[in-house]
Amino acid sequence: MESLVSKGLVKSIGVSNFNILQLERLLSVARIPPAVNQVELHPYLIQTDLVKFCQSKSIALTAYSPFGSPGRPPQNHMGDKDPEKLLEDPVVAAIATKHQRSSAQILLRYHVQQGIAVIPKSVRPNHILENTKVKLSSLLFLENVILMLPVDV
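Worth saying up front: this structure is predicted, and the values here are computed from it rather than measured. (Residues numbered from 1 in each chain as written. Predicted model: local features only at pLDDT ≥ 70, side-chain atom pairs only at ≥ 80, totals over all residues. Heavy atoms only, no water.)

## Quick word on the pairing of strand β2 (residues 36-40)
In this sheet, β2 lies alongside strand β1 (residues 14-16) in parallel orientation, the contact comprising three bridges. Paired with G14 across the bridge in β2 is V36. The parallel pair β1 and β2, bridged by helix α2 (residues 20-29), forms a crossover whose chirality is right-handed. As paired strands, β2 and strand β3 (residues 60-64) are joined by five bridges and run parallel to one another. Directly across from E40, in β3, lies its bridge partner Y64. Each parallel crossover has a hand, and for β2 linked through helix α3 (residues 48-56) to β3 it is right-handed. (Pairing = 2+ DSSP bridges. Helix = DSSP H or I, 4+ residues; strand = E, 2+ residues; numbered from the N terminus. Right-handed = clockwise from strand over helix to strand, strands pointing away.)

What follows is the structure, given as structure tokens:
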């Protein structure tokens, strides 16, 4: 991949689902560090150490599944804090009601406010449009982030 950058065929290199150990190994041998690491992130899977590590190495993060995993097969459910239920989380719903937004908008803003890019999945045009309207008061994060941050599962 580094040769593609050198030849001008790509501008940067990204990785997906790399943990800290994998990133450290890559950085120890790479001439060109990855520009981005795409990982699953949401309030039920905050990966604090990975977020801090990537920030310290100037590796951008992109969060996939910011709404959890509503399509997860029933046999893979993990109880009360299953990512399937993130859009229905009572804390997220209360924040959404308070700010007159949808739960999806609150979850997207949660990441954007932290400087993390998000790639939500949606096939419905009205949801796609709604997902673009995440600009809320910066107080959202300050007031509510502690309520939304459980311990990593």
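## Things to note about the sheet that holds β3
Reading across the sheet, the four strands line up as β1-β2-β3-β4 and stay open at both edges, with parallel pairing between neighbours. Two strands bound the open sheet, and with one partner strand each, they are β1 and β4 (117-119). Strand-to-strand twist in this sheet, taken as the mean axis angle between neighbours without regard to direction, amounts to 25 degrees. (Axes fitted to C-alpha atoms, helices over the stretch in contact; angles between N-to-C directions.)

## Let's talk about the nonpolar core
Grouped burial of nonpolar side chains is what soluble globular proteins tend to show. V15, L23, V39, L41, L50, V51, F53, C54, I59, L61, A63 and I116 form the largest nonpolar core, which has 12 residues in total. Secondary-structure elements contributing two or more residues to this core are α3 and β3. Considering each element in turn, this core owes the most residues, four residues, to α3. Among all residues touching V15, those that are not within four sequence positions of it are L23, L26, P34, V36, N37 and Q38. Grouped together as the second largest cluster of nonpolar side chains are 10 residues, F67, I95, A104 and L107 included. (Core = buried A, V, L, I, M, F, W, Y, C linked by side-chain atoms within 4.5 Å. Buried < 20%, exposed > 50% of the residue type's maximum accessible area, 1.4 Å probe, protein only. Contact = heavy atoms within 4.5 Å.)

## Some details on helix α5 (residues 103-112)
Among the 10 residues that make up α5, nine are buried, leaving the element largely enclosed by the rest of the structure. For α5, every residue scored as buried is listed here: S103, A104, Q105, I106, L107, L108, R109, Y110 and H111.

## Thoughts on the environment of F53
In this structure, F53 sits in helix α3. For F53, a relative accessible area of 12% translates into the label buried. Placed 29 residues apart in sequence, F53 and E24 show a C-alpha to C-alpha distance of 9.5 Å. Here F53 is in contact with I20, L23, E24 and L27, once residues within four sequence places are set aside.

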